[in-house]
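# Breakdown of the fold
Here are the chains, one letter per residue:
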Amino acid sequence: MSDRLFTPFASEPETLAITPAVAERYGLKAWAANFALGTAGYRDLLDPDDVFSPEVPFNAVTVAVMLEARAQLALEFGLGRLHVGGEVRPHTQEFIDLAARLYAAHGLEVHLRPEGERTTPIWLSSFGVFFEELDGGENFTASHSQSYKGGWKPMDAGGGQLLEMAPLIAERVRVLAGRAVNDGLSIDLAATDDAGILRDFEPTAAYTEVLRQVVPPELLDEVRGLDGSGFRAAFCTEGGSMAPSARRVFADLGIGVDDRGPVFFTHEEESDTYHGIGIVDGVNHGVDPSKWQVYKNVGAQEILDTGKADIFFIWDPDGDRFNMVTTAPADLAEAAAAAGLEVDPLDDVRCLVYFKPNQIYFLLTAAKIAALAAAGELDRYQWIVASTWPTSRSIGEVATAFSARGGARLSTFQVPVGFKHFAALVTDLQDQISAGEDPCAAEDVTGTRAEFGPKPRLLIMAEESGGAAMGSAEPVASRHGNRTSLAPKEKDAMQIGVLSLCLAARLHREERSFARFYLDLLDEYQVQWRFYERIDLTLFDESLKGEARELARTVGNDRKDATVAYFASLEDRDPAAIAADLAARLPEGAELPDVVRCFHAGDGTLLELDKQWFELRASGTDAVLRYYMEGEDPARVSALNQALTRLRIELD
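Residues numbered from 1 in each chain as written. Predicted model: local features only at pLDDT ≥ 70, side-chain atom pairs only at ≥ 80, totals over all residues. Heavy atoms only, no water.

### Here we look at the overall build of the protein chain
Of regular secondary structure, the protein chain possesses 20 helices and 29 strands. For 652 residues, the compact-globule estimate of 2.2 N^0.38 gives 26 Å, and the C-alpha radius of gyration of the protein chain, at 24 Å, lies within 12% of that figure. Projecting the C-alpha coordinates of the protein chain onto the three principal axes gives extents of approximately 70 × 65 × 55 Å. The long-range fraction of contacts in the protein chain, counting pairs at least 24 apart against all pairs at least 6 apart in sequence, stands at 73%. (Helix = DSSP H or I, 4+ residues; strand = E, 2+ residues; numbered from the N terminus. Rg over C-alpha atoms; globule rule 2.2 N^0.38 Å. Contact = heavy atoms within 4.5 Å.)

### Some thoughts on helix α19 (residues 575-585)
Within α19 the residues assigned to the buried category are I578, D581, L582 and R585. For α19, the angular spread of buried residues about the axis comes to 95°, placing them on one side. Away from the buried face of α19 by more than 90 degrees, exposed residues A576, A583 and A584 are located. Those residues of α19 that are buried lie in contact with α18 (546-570), β26 (595-600), β27 (605-609) and α20 (634-645). Measuring from the side-chain oxygen of the N-cap residue of α19 to the backbone nitrogen of A576 gives 3.0 Å; that N-cap residue is D574. (Buried < 20%, exposed > 50% of the residue type's maximum accessible area, 1.4 Å probe, protein only. Arc of directions from axis to C-beta. Polar contact = N/O pair within 3.5 Å; in protein donor to acceptor, adjacent residues only side chain to side chain.)

### Some points on the sheet that holds strand β8 (residues 197-199)
The pairing of strands in a sheet happens through backbone hydrogen bonds and is either parallel or antiparallel. The strand order across the open sheet built from six strands is β2-β6-β5-β3-β4-β8, with neighbouring strands paired in mixed fashion. The sheet terminates laterally at β2 (42-45) and β8, the two strands that pair on one side only. Averaged over neighbouring strand pairs, the angle between their axes works out to 20° when direction is ignored. Bridge count for strand β3 (residues 81-86) against strand β5 (residues 136-140) is five bridges, and the pairing is parallel. Each residue of the ladder has a partner; that of G86, found in β5, is F140. (Pairing = 2+ DSSP bridges. Axes fitted to C-alpha atoms, helices over the stretch in contact; angles between N-to-C directions.)

### What to know about the layout of surface pockets
The computed volume of the largest pocket comes to approximately 1,200 Å³. Considering the residues around the largest pocket, the lining is formed by 47 residues, among which S290, K291, K356, R534 and D536 are closest to the centre. Of all the elements, strand β25 (residues 531-538) adds the most residues to the lining of the largest pocket, at six residues. For the lining of the largest pocket, the residue count by class is 17 nonpolar, 15 polar and 15 charged. The space that makes up the second largest pocket amounts to roughly 970 Å³. N34, R43, D44, R549 and R553 are, among the 37 residues lining the second largest pocket, the residues nearest its centre. Taken together, the elements giving at least two residues each to the lining of the second largest pocket come down to α1 (20-25), α2 (28-34), β2 and α18. (1 Å grid on protein atoms, 1.4 Å probe; cavity = no way out; pocket = protein on both sides within 12 Å on 5 of 7 lines; lining within 4 Å. Points joined across faces, edges and corners; volume = space filled by probe spheres on them. Nonpolar A, V, L, I, M, F, W, Y, C, P; charged D, E, K, R; others polar.)

### Brief notes about unusual backbone geometry
Backbone torsion omega between D438 and P439 reads 5°, so that peptide bond is classified as cis. Phi at S143 is positive, roughly 55°, even though this residue is not glycine. By the element assignment, S143 lies in the loop between β5 and β6 (149-155). For S143, a relative accessible area of 1% gives the class buried.

### Topic: a negative patch on the surface
A surface patch of like charges, here negative, comprises D594, D610, E632 and D633. With respect to the secondary-structure elements, D633 resides in the loop between β29 (624-631) and α20. D633 gets classed as partly exposed once you look at its relative accessible area, which sits at 33%. (Patch = residues over 30% accessible without salt bridge, like charges linked within 9 Å, V, L, I, M, F, W, Y side chains within 5 Å. Areas by Shrake-Rupley, 256 points an atom, 1.4 Å probe, with all protein chains shown as cover. Salt bridge = Lys/Arg side-chain N within 4 Å of Asp/Glu carboxyl O. Lys, Arg positive; Asp, Glu negative; His and termini not counted. Charge placed at Lys NZ, Arg CZ, Asp CG, Glu CD.)

### Focus: the nonpolar core
The tendency in soluble globular proteins is for nonpolar side chains to be buried side by side. Counting residues in each nonpolar core, the largest one holds 88 residues, and the members touching the most others are F250, W315, L363, M494 and L501. At 11 residues, the largest contribution of residues to this core is made by helix α16 (residues 493-509). Leave out the neighbours within four places in its chain, and L363 touches M324, F355, L503, F514, F517, Y518 and L521. Listed in part, the 57 residues of the second largest apolar core include L16, A71, Y103 and L108. (Core = buried A, V, L, I, M, F, W, Y, C linked by side-chain atoms within 4.5 Å.)

### Points about the packing of helix α7 (residues 204-214) against α16
Two numbers describe a pair of packed helices, the interaxial angle and the distance between the axes. The contact between α7 and α16 brings their axes to 11 Å, and the two run at 50°. Here α16 runs oblique to α7, going by the angle between their axes. Here α7 runs over α16; the crossing is right-handed. In this structure, α7 contributes Y207, L211 and V214 to the contact, and α16 contributes M494, Q495 and V498. Of the residues in the contact of α7 with α16, the class split is five nonpolar, one polar and no charged. (Parallel < 35°, antiparallel > 145°, perpendicular 65-115°, else oblique. Left-handed = near helix turned anticlockwise from the far one by under 90°.)

### A short note on the sheet that holds strand β21 (residues 456-462)
Strand order in the open sheet formed by four strands is β18-β17-β21-β22, with mixed pairing between adjacent strands. A strand with exactly one partner marks an edge of an open sheet, and here the two such strands are β18 (411-415) and β22 (468-469). With five bridges connecting them, strand β17 (residues 382-388) and β18 associate as parallel partners. Among the inter-strand pairings, S387 is bridged to a residue of β18, identified as Q414. Across the face of the sheet, helix α13 (residues 357-374) comes into contact with β17, β21 and β22 while running at roughly 155° to β21.

### What to know about the pattern of salt bridges
Under the defined criterion, the tally for this structure stands at 47 salt bridges. Notably, a salt bridge pairs D305 with R350, separated by 3.9 Å at the nearest N-O pair. Residue D305 is found in helix α11 (residues 300-305), and its partner R350 is found in strand β16 (residues 350-354); the two are separated by 45 residues along the sequence. Looking at D305, the relative accessible area reads 38%, which means it is partly exposed. For R350, a relative accessible area of 23% corresponds to the partly exposed category. Across the pair K491 and E463 runs a salt bridge, and its minimum N-O distance is 4.0 Å. Separated by 28 residues along the polypeptide, K491 in the loop between β24 (484-485) and α16 and E463 in the loop between β21 and β22 bring together distant segments of the chain. No difference in accessibility class separates K491 from E463, as the two residues are buried. One salt-bridge network, in which partners are shared between bridges, spans K153, D320, E463, E490 and K491.

### Concerning the environment of P203
Note that P203 resides in the loop between β8 and α7. In the structure, P203 is positioned 112 residues away from W315 in sequence and 20 Å away in space, judged by C-alpha atoms. Those residues within four positions of P203 in sequence are excluded, and the remaining contacts are R113, L124, F127, G128 and E132.

Structure, rendered in structure tokens:
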């Protein structure tokens, strides 16, 4: 066990003294040089057994330095009231306590969950910061990453991830680390029961009222209408933070849980190892619900096989990602697989059908459009279907096809990966509405301007990785009416889970499977973009520690930098020259469709091909390179994507 440089949960004020010797032992200079807030805040390796361990980059000392940077900048920017929450991974409670005490020592007012409430899903942190009119907040979470990684996601007053302040925090971290290395650094901590630390952060009831504006009432009625019918839906919480808040939301919506209604939970007990979910053959793949190592190993198949549930939903630990496991008639298996769905046998009459997040958001977008049309809401507003660049284009196809056949005009818009870009879009549109601009508009990273009209609304904001959120017809007001918001500023799998549950109930009543519904929509909207693939190439083993970790990271980063640089070199070049360059580097026999254009999508390089598209980007949260591809032909998509992972690229 490392030296305990302060006492977590101490009832008296303390000072954390980071002497030059301590700074050297913790490698603060090297750590600070690499510190940055990425697409999901800051994530790195922690030691589950020792919060003070200097052998890992996410520890009590490094966290104290970044929190001190955050506190100093908060005061300089005139911020006074912050929320701190978190999920269940190791040491989360210690980090929440550290943040609260450090902020309180600076005179900041800190808002934590009430006594007895340990966790806060990320969507509740985000909504609560906005609704309670706080100046910002943060959540200690590494979302779907392995339990041996720690994470910190600071947010602004709207509940969105930091944009302008993010590089300032990184710069101040380097200043503070330099001071610690050269002269020493003292960080004051208030007592854990300081008067400035309030345990009053409970916006769940207000959140549920907003949720009623997002999920059409006739869909909510579908679930309540099946109460007592035998319809059952399982929600796996992976041992994370979702169950307590979800139970409150379901109760407020009148949806019974356990013996009182159609919903029940699996893996509900909090677990800082997530009950071992995602560990397959000794390898920890994390708890991303979109990974087969998760959705095929959480007990869904047995629960569906034995009839304990009709549908199986999965939330990740902080409630920002979602997936589901479904069944369909066995005679539909071949057609479902041919349409790009993953299918496994189950019994003589049913098969298992697995949906990817892209396909789920396609379904929900179509269902939401139909519900808004039925309610007469489509013509009164200008609804936008927004997605990140490497998200399936089938989602936008629903909007454009609906508009083309004479429905209300629906718009599409694309942003770089990272929900903070959706938050920035929402904020910008809000500002334009307040200024009375007509039309309201937005410009994407390619310089293309999209005009939406005077009343833009966000129908969905979707990321292929499993995160999404939906806006309401009318702006949501904060508690005292000093703020309004068109849509959430953070991913919200509670929204997605409730809407998916409602759709499952409707399909159950109609005796239709999700697979049948998906196939019907492909035909109805004549969808071109059906076959999507993402390959993740691991750069180094993030569980390594010490010198072995640094060596592996250096090698992995060299590969990452060379690959990213090569694809970036193709951007904005002549299509013929791009095709020639790629052809010379692709493995023998690889077929490259005609190149249309290549551009920087804000998060990576996007290559438009004939009837296909490809994007290469380095993950902002994990040590992987991501290869995305989508097209009309599954064999061509898979073959070319695999070939691009083997592209001959010289390392410097």
